[in-house]
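# Summary of structural features
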Amino acid sequence: MTTTEASVTKDLFGPVEADNSESEKISGESISAWKDAVRRFVTNKGAMASMIIIALIVILAIIGPHFFGYGTDDQDVSRANLPPKIGALTWIPAFSGQEGGVDIYKEKHITTNYWFGTDQLGRDLWTRTWNGTQISLIIALIATLADVLIGVVYGGVSGYFGGMVDNVLQRILEIIAGIPSLVWIILLILIMQPGLFAITVAILATSWLSMARIVRGEMLKLKNQEFVLASRTLGASDGRIIFKHLIPNSIGMIIINTMFSVPSAIFFEAFLSFIGLGIRSPQSSLGSLINDGYQMLQIHPYQTLYPGIIISLLLICFNIMGDGLRDAFDPKLRR
Amino acid sequence: MGRYILKRVGYMLVTFYVVITLTFLSMKMLPGTPFKFANRLTPEQLNQLKHYYGLDQPIPVQYLHYLWNMLHGDLGGSFQYGMQPVTEFLLQRFPISMELGIESMIFGTVLGIVLGIISGIYRGKFLDWGTVTLTVLFISIPSFIFAAILQYFFSVKIQLFPVIGWDSPMTHVLPVISIGVGVMASIARFMRTEMVEVLNQDYIVTAQAKGLSTVAVIYKHAIRNAMIPIVTVIGPMTAAVVTGSLVIENIFAIPGIGSQFIDAIVTNDYPMIMGTTELYAALFIVTILIVDILYGVIDPRIRVSGGKSS
């Protein structure tokens with residue numbers, strides 16, 4: 001090192017001619033906030049893997065029930081309680097069609113394979129599981145819509161108009177939020193007959209609260225900024241300011257919050273179905289399947305296993321994706 | 001501060017009144033009758049029964065009657081158990097649920113804080129990665145699935161713990177873990193964020209510059225400050241514990257309010273449903289109130305800016 005240092009002499013240095021036009025040049029393309037978020041999200045391996053798994057589950061939920069041509073409620077007691085068997089995978093103990101070392105399929109002289117096995121009424125669990133997944137996904141979709149439609153509008157109006165309107169809307173919200181959502185949901189489900197519709201209304205009624213709060217906060221922060229004033233000076237209406245300026249600027253927060261309301265909606269449906277207040281037989285949902293299988297847990301654990309795995313996977317993936325989106329849209333919140 | 005507390009208590013009472021009214025109204029809109037063999041009774045018998053339980057009076061009268069009795073701690077009699085007072089049932093079962101809840105909270109909070117601190121200190125290292133993965137799993141997997149897994153492996157397969165019940169300390173282990181891991185995961189996550197933030201503060205650098213050992217910096221400066229906001233998660237946490245205990249009590253056959261509640265819903269036991277709902281709501285509302293006030297006491301910055309802004 002010392003020898004090379006000695007060979008560097010002062011006269012080797014000289015000023016660089018600075019070209020004025022160079023300093024005005026922007027190197028690299030300009031990136032919008034949206035593009036930036038997408039770029040950050042794509043590099044997040046966990047979030048991308050979760051997205052792929054969710055996509056797979058969605059596809060299976062759509063095509064899965066039609067694989068074998070059984071209906072959700074096709075009962076046949078002669079094929080009851082068959083363990084899972086997949087032709088090509090019989091070397092894996094979990095898919096060998098054996099239970100306690102006995103090949104149940106041989107014993108009952110059944111030649112068709114049931115991939116997830118059958119329940120105590122002989123219904124094909126593969127069909128029922130993917131049907132149940134459909135229900136969970138529908139509920140997730142509804143929760144998202146409720147969040148966006150009710151939550152954003154309520155919070156937007158409350159935050160933007162302020163004053164008396166805000167005061168009234170906030171007091172109402174405070175009272176609604178003061179009651180635990182579990183109590184809301186159970187009361188609503190008691191009044192209506194348990195089922196998809198009741199669960200939907202119940203989740204609609206409670207899931208938008210946090211979104212309304214967050215959007216209101218964003219509105220309060222944004223509405224006094226210069227670009228809003230500029231727009232108003234140019235004669236823009238309230239609606240235009242809200243939908244063209246304020247909401248697009250808070251879209252990051254809205255997306256993040258939506259992503260977190262999806263798993264909680266899926267959880268609530270499963271929870272309600274599990275305690276018997278949700279989807280009821282013959283319809284299936286992941287929660288009710290787990291409940292049915294739970295009765296047989298000690299003898300036939302596979303009946304709980306697959307619905308349990310799928311709902312856990314869905315919840316885990318939605319949570320990881322939510323974390324990924326939060327990091328992508330709001331790097332300040334990166335944890 | 002005094003005014004703030006007064007205002008909060010006022011809101012609390014309004015909220016609670018709304019809960020009572022809503023519960024009452026929804027009970028009146030319920031389909032089905034609370035009588036076991038209603039279709040076998042003659043209309044006269046049915047009317048007699050309705051008269052006996054006060055169900056033949058106009059709804060506003062029933063409502064006022066209910067409110068008046070409630071002020072005296074009388075929640076009516078359970079239809080299902082021959083008019084035994086609901087209050088008695090709740091008082092009998094409440095301590096069990098409370099025990100389960102408190103044990104789960106302690107288990108979850110202590111472990112969560114420890115995990116969060118470790119994760120925050122070793123940010124980006126293997127330990128941190130492990131903790132973060134674990135928290136995502138525990139936040140996502142529903143408590144009843146977790147309970148079923150635990151029950152299957154630890155009670156049925158290796159028979160280490162009893163399958164159901166609530167008497168010896170051994171019976172407490174699995175239910176407490178089932179509810180507690182969710183609490184643990186949320187708190188660990190929150191604690192980690194706080195730790196990371198606090199460790200980046202200037203006063204930590206100052207403490208290090210003074211020559212304090214790493215242990216002293218973390219223990220005396222970082223952890224203490226990171227702990228303050230934990231109080232805020234405890235409120236929402238209670239809701240999660242209540243939801244959790246509802247199913248967990250059912251799974252492990254624990255004679256608390258949760259299993260009673262599910263029972264009451266199935267049998268249309270109106271007074272019992274109302275009583276339990278109100279108890280849950282009261283618990284929730286009071287916890288949030290205490291947390292808000294506590295937070296104001298612990299962190300002076302909030303008092304200055306005039307109450308929590310939410």
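Keep in mind that what you see is a predicted model, and the values were worked out from it rather than measured.

Our focus in this paragraph is the overall build of chain A. When helices and strands are tallied, chain A shows 15 helices and two strands. For chain A, the proportion of its 335 residues judged to be buried stands at 48%. Roughly 16,900 Å² of accessible area belongs to chain A as shown, and the carbon and sulfur atoms make up 64% of that amount.

Attention now goes to the overall build of chain B. Looking only at helices and strands, chain B features 13 helices and zero strands. Across chain B, helices and strands are ordered from the amino to the carboxyl terminus as α-α-α-α-α-α-α-α-α-α-α-α-α. Each of the 310 residues in chain B was classed as buried or not, and the buried ones make up 46%. Partitioning the contacts of chain B with sequence separation of at least 6, the portion at a separation of at least 24 is 72%.

Once that is clear, we can look at the pattern of salt bridges. Residue and element names in this part refer to chain A. Counted according to the given criterion, the structure contains five salt bridges over all chains. Where Glu218 meets Lys221, a salt bridge forms, and the shortest distance between an N and an O atom there is 3.4 Å. Remark: Lys221 and Glu218 occur in helix α10 (residues 209-222); sequence separation between them is three residues, near one turn of the helix. Judged by its relative accessible area of 11%, Glu218 is buried.

Moving on to the nonpolar core. Grouped together as the largest cluster of nonpolar side chains are 136 residues, with contacts concentrated most on Phe271 of chain A together with Phe144 and Leu246 of chain B. In terms of residues, this core owes the most to one element, helix α15 (residues 302-329) of chain A, which gives 12 residues. If you look at the next biggest cluster of nonpolar residues, it comprises 13 residues, including Met219, Leu222, Ile247 and Ile254 of chain A.

Residues and elements named next belong to chain B. It is the contact of helix α5 (residues 126-140) with helix α7 (residues 169-199), at a shortest axis distance of 8 Å, that shows an interaxial angle of 135 degrees. One way to sum up the angle between α5 and α7 is to call them oblique. Crossing geometry of α5 relative to α7 is assigned as left-handed. Note on element contacts: α7 touches α5 through Val181, Gly182, Met184, Ala185, Ser186, Ala188, Arg189 and Arg192, opposite Asp128, Val132, Thr135, Val136, Phe138 and Ile139.

Our next topic: the interface of chain B and chain A. The interface of chain B with chain A comprises 43 residues on the first partner and 35 residues on the second. Approximately 3,600 Å² of surface area, both sides summed, lies buried where chain B meets chain A, with 78% of it carried by carbon and sulfur atoms. At the boundary of chain B with chain A, the tally comes to one salt bridge. Notably, a salt bridge pairs Arg189 of chain B with Asp323 of chain A, separated by 2.6 Å at the nearest N-O pair. On the surface where chain B and chain A come into contact, there are two residue pairs in polar contact (both at pLDDT 80 or more). Put simply, the parts of the chain that give the side of chain B that touches chain A at least two residues each are α1 (2-28), α5, α6 (143-157), α7, α10 (230-251), α11 (257-266) and α12 (270-298) of chain B. Here the side of chain B that touches chain A takes nine residues from α1 of chain B, the largest share from any one element.

The rules behind each value
- Residues numbered from 1 in each chain as written.
- Chains lettered and ligands numbered in written order.
- Predicted model: local features only at pLDDT ≥ 70, side-chain atom pairs only at ≥ 80, totals over all residues.
- Heavy atoms only, no water.
- Helix = DSSP H or I, 4+ residues; strand = E, 2+ residues; numbered from the N terminus.
- Buried < 20%, exposed > 50% of the residue type's maximum accessible area, 1.4 Å probe, protein only.
- Areas by Shrake-Rupley, 256 points an atom, 1.4 Å probe, with all protein chains shown as cover.
- Contact = heavy atoms within 4.5 Å.
- Salt bridge = Lys/Arg side-chain N within 4 Å of Asp/Glu carboxyl O.
- Core = buried A, V, L, I, M, F, W, Y, C linked by side-chain atoms within 4.5 Å.
- Axes fitted to C-alpha atoms, helices over the stretch in contact; angles between N-to-C directions.
- Parallel < 35°, antiparallel > 145°, perpendicular 65-115°, else oblique.
- Left-handed = near helix turned anticlockwise from the far one by under 90°.
- Buried area = accessible area lost by both parts, 1.4 Å probe.
- Polar contact = N/O pair within 3.5 Å; in protein donor to acceptor, adjacent residues only side chain to side chain.

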